[in-house]
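Observations on chain architecture
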Amino acid sequence: EEKKFSDAVAPYNTYFYSGEINFKVNNTQSVIARLKEEYTDGKQDEFDGLTVEYPSWWFNARASNTEPLLRLTIEAKTKEILEEKQKEFEIKIKGA
């Protein structure tokens, strides 16, 4: 078929994606450590920053290698969950 690739894979995109959200923070490692403590009820992985998975959403928080930024990505099964989690993290990270 003569479709754009993005149109061809669109039916398989089942999650809502925040894209990379950048936060300027004083100490990225302390923010990540705090998030690790606050989200212990999810499945945690520290391969690239901190990734925490839940049945209907997940997030990854990591320090930028080149800038004084914390980079956050969130995916959720619904737009409502994504919006709720984006607000939640904005409050938690900006309040750090």
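Rules and cut-offs
Residues numbered from 1 in each chain as written. Predicted model: local features only at pLDDT ≥ 70, side-chain atom pairs only at ≥ 80, totals over all residues. Heavy atoms only, no water. Phe/Tyr/Trp six-rings, centres within 6.5 Å; stacked < 30°, edge-to-face > 60°. Helix = DSSP H or I, 4+ residues; strand = E, 2+ residues; numbered from the N terminus. Buried < 20%, exposed > 50% of the residue type's maximum accessible area, 1.4 Å probe, protein only. Core = buried A, V, L, I, M, F, W, Y, C linked by side-chain atoms within 4.5 Å. Contact = heavy atoms within 4.5 Å.

1. Comments concerning the packing of aromatic side chains
In this structure the tally under the stated criterion is eight aromatic pairs. Geometrically, the ring pair formed by W57 and F89 is edge-to-face, given 6.1 Å between the ring centres and 65° between the ring planes. Placement of the pair is W57 in strand β5 (residues 57-63) and F89 in helix α3 (residues 79-94), with a sequence separation of 32 residues. Like F89, W57 is buried. Ring geometry for F59 against F89: centres 4.6 Å apart, planes inclined by 55°, an arrangement best described as tilted. Here F59, found in strand β5, pairs with F89, found in helix α3; they are 30 residues apart in sequence, far enough to count as distant. The buried category is assigned to F59, whose relative accessible area is 0%. Of the aromatic side chains, those joined through ring pairs into one cluster are Y39, Y54, W57, F59 and F89.

2. Quick notes on the nonpolar core
If you look at the biggest cluster of nonpolar residues, it comprises 19 residues, and the most contacted ones within it are F59 and F89. When residues of this core are traced back to their parent elements, those giving at least two are α2 (28-38), β4 (50-53), β5, β6 (69-76) and α3. A total of four residues in this core trace back to one element, the largest contributor, which is β6.

3. Things to note about the environment of T51
Following the sequence through the fold, T51 ends up in strand β4. Using a relative accessible area of 17% as the deciding quantity, one classes T51 as buried. Note: C-alpha distance between T51 and I74 (23 residues apart in sequence) is 9.6 Å. Setting aside chain neighbours within four positions, we find T51 in contact with K43, Q44, D45, W58, F59 and N60.

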